[in-house]
Amino acid sequence: MDRALASLDPTPRAVGVAVSGGADSAMLAVHAAEVARQRGIALHFLHVHHGLQLIADDWRGQVHDLAQLLAVPCHSMRVQVDPAGDGIESAARTARYRALAALAERAGVGHVLLAHHQDDQAETVLLRLLRGAGPQGLGAMAPQMHRDGLVYLRPWLDVSRASILRLADEFRRVAGWKPVHDPTNAEDRYTRSAVRERLTPQLDDRWPGWQATLARHARQSREASQVLQEVATQDLAGLEPSQDGRSFSLARWRELSQARQALVLRHWLAAQGLRMPTDARLAELMRQMRGLHALGHDRQMQVKHGDALIRCVRGRVLVE
């Protein structure tokens, strides 16, 4: 955690830590309290009560007890989780980040520590592999993330859960405080829990230490994604883009290799705030763009993508 704070310039005067009451976030909170005291940083605990289980009231009490034990102010908020749409897991995550933003504003902090660890990172890589994510998606969770005007830091992405559990056991013996246990972590009706309960034991048995390997893969994917982003930015700049960035030269685009044509199209669509196209949709768009007359006069191209329309007019590809 000290290294994560040292990477910030200037070092913040106050930092929040998201504490659910489980072993992971509790041990991060304990460690953060010690580092904050050494560096003269004001620390605040931020607890989100999802209201999904009756026992959650006890979890809030446990978090406030830990805060009192460590002499750290604690801020908590209860939220309503609407599972309609993307499902309960996604809805709970959205509600949690919204609440953390509100709590951080209340506490006057702009940086929040999250307790995601190496095992979480490995599970995320697995899930994204199964969903067909590209290099950017396989980068999984970044050590630093900007969201809702806050900077989120994940200092424990290289720390195993086994190490955290050992810390929690030692802290229980010394301080008498015990972390809470969320029973839904073992319910395989939830996607991440299914990975943890069904796949993880098999992987542990056949490939011990696989979590560290996938965490390393995530770091390498983030580095590769950054390079691709830089290439796409340079390529788009060479396509004679309009001042507002909503159109570019078809002829210049055709000068790129096929792989870079696809890369710069994805980059351009993202810059317009549009969702990423499927491989099939992107292939169809590229096929039509290659089939046009050099100046785009021989026929009118109109490809619908979400609420937008991609056209080619007088040799320029544009989005409406």
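Rules behind the numbers
Residues numbered from 1 in each chain as written. Predicted model: local features only at pLDDT ≥ 70, side-chain atom pairs only at ≥ 80, totals over all residues. Heavy atoms only, no water. Helix = DSSP H or I, 4+ residues; strand = E, 2+ residues; numbered from the N terminus. Contact = heavy atoms within 4.5 Å. Areas by Shrake-Rupley, 256 points an atom, 1.4 Å probe, with all protein chains shown as cover. Lys, Arg positive; Asp, Glu negative; His and termini not counted. Charge placed at Lys NZ, Arg CZ, Asp CG, Glu CD. Pairing = 2+ DSSP bridges. Axes fitted to C-alpha atoms, helices over the stretch in contact; angles between N-to-C directions. Parallel < 35°, antiparallel > 145°, perpendicular 65-115°, else oblique. Left-handed = near helix turned anticlockwise from the far one by under 90°. Nonpolar A, V, L, I, M, F, W, Y, C, P; charged D, E, K, R; others polar. 1 Å grid on protein atoms, 1.4 Å probe; cavity = no way out; pocket = protein on both sides within 12 Å on 5 of 7 lines; lining within 4 Å. Points joined across faces, edges and corners; volume = space filled by probe spheres on them.

A. Seen up close, the overall build of the protein chain. Along the protein chain, the regular secondary structure elements total twelve helices and ten strands. Structurally, the protein chain occupies a C-alpha span of about 75 × 45 × 35 Å along its principal axes. Taking contacts inside the protein chain between residues at least 6 apart in sequence as the whole, the part at least 24 apart equals 67%. Carbon and sulfur atoms make up 50% of the accessible area of the protein chain, which amounts to about 17,300 Å² in all. Of note, the protein chain has its 41 positive side-chain charges centred 4 Å away from the centre of its 35 negative side-chain charges.

B. Molecular detail of the sheet that holds strand S6 (residues 150–153). Here six strands make up an open sheet; going across it, the order is S3-S2-S1-S4-S6-S5 and the pairing mixed. On the outer flanks of this sheet lie strand S3 (74–78) and strand S5 (144–147), each paired with one strand and no other. Averaged over all pairs of adjacent strands, the angle between strand axes in this sheet comes to 30°, irrespective of strand direction. Against the sheet, helix H2 (residues 23–39) engages strand S1 (14–18), strand S2 (42–49) and strand S4 (111–113), with an angle of about 165° to S2. Strands in contact with helix H4 (residues 88–107) are S1, S2, S3, S4, S5 and S6; relative to S2, the strand with the most contacts, it is inclined by about 145°.

C. Up close: the packing of helix H5 (residues 118–130) against helix H9 (residues 210–237). Running from N to C, H5 and H9 point in directions that differ by 65°, and their axes come no closer than 8 Å. Between H5 and H9, the angle is such that the two are roughly perpendicular. For the crossing formed where H5 meets H9, the hand is left-handed. On H9, the residues that touch Gln118, Asp119, Gln121, Ala122, Val125 and Leu126 of H5 are Trp210, Gln211, Ala212, Leu214, Ala215, His217, Ala218 and Arg222. Residues of the contact of H5 with H9, tallied by class, amount to eight nonpolar, four polar and two charged.

D. Just empty space enclosed by the protein, in detail. Overall, the coordinates contain two cavities of 30 Å³ or more when judged by the stated rule. Of the pockets and cavities examined, the largest cavity occupies roughly 40 Å³. Residue lining of the largest cavity: Leu269, Pro277, Arg281, Leu282, Leu285, Val303, His305 and Ile310, and that is the complete set. Where the lining of the largest cavity is concerned, the elements lending two or more residues are helix H12 (279–291) and strand S8 (302–305). Sorting elements by how many residues they give to the lining of the largest cavity places H12 first, with three residues. Of the residues in the lining of the largest cavity, the class split is six nonpolar, one polar and one charged.

E. Representation of the packing of H5 against helix H8 (residues 191–206) in the model. Taken N-terminus to C-terminus, the directions of H5 and H8 make an angle of 100°; their axes are 11 Å apart at the nearest point. With respect to H8, the element H5 is oriented roughly perpendicular. Along its contact with H5, which presents Asp120, Glu123, Thr124, Leu126 and Leu127, the element H8 presents Thr191, Arg192, Val195, Arg196 and Leu203. Here the contact of H5 with H8 is built from residues that sort into four nonpolar, two polar and four charged.

F. Broad picture of the layout of surface pockets. In this structure, the second largest pocket encloses a volume near 550 Å³. As for the second largest pocket, its lining consists of 17 residues, and the residues nearest its centre are Gly134, Pro135, Gln136, Arg266 and Met276. For the lining of the second largest pocket, the secondary-structure elements that each account for two or more residues are helix H6 (135–138), H9 and helix H11 (258–271). Its residues placed into classes, the lining of the second largest pocket shows eight nonpolar, seven polar and two charged.

G. Layout of the sheet that holds strand S7 (residues 247–249). Strands sit in the order S7-S10-S9-S8 across an open sheet of four strands; the sheet is antiparallel. Edge positions in the sheet fall to S7 and S8, since each of these pairs with one other strand and no more. Pairs of neighbouring strands in the sheet enclose a mean axial angle of 20°, with direction left out of account. Bridge analysis of strand S9 (residues 308–313) against strand S10 (residues 316–319) gives four bridges, and the strand direction is antiparallel. Bridged to Arg311 within S10 is Leu318. Across the sheet, H12 is in contact with S7, S8, S9 and S10; its angle to S8 comes to roughly 160°.

This is a description of form; function is not addressed.
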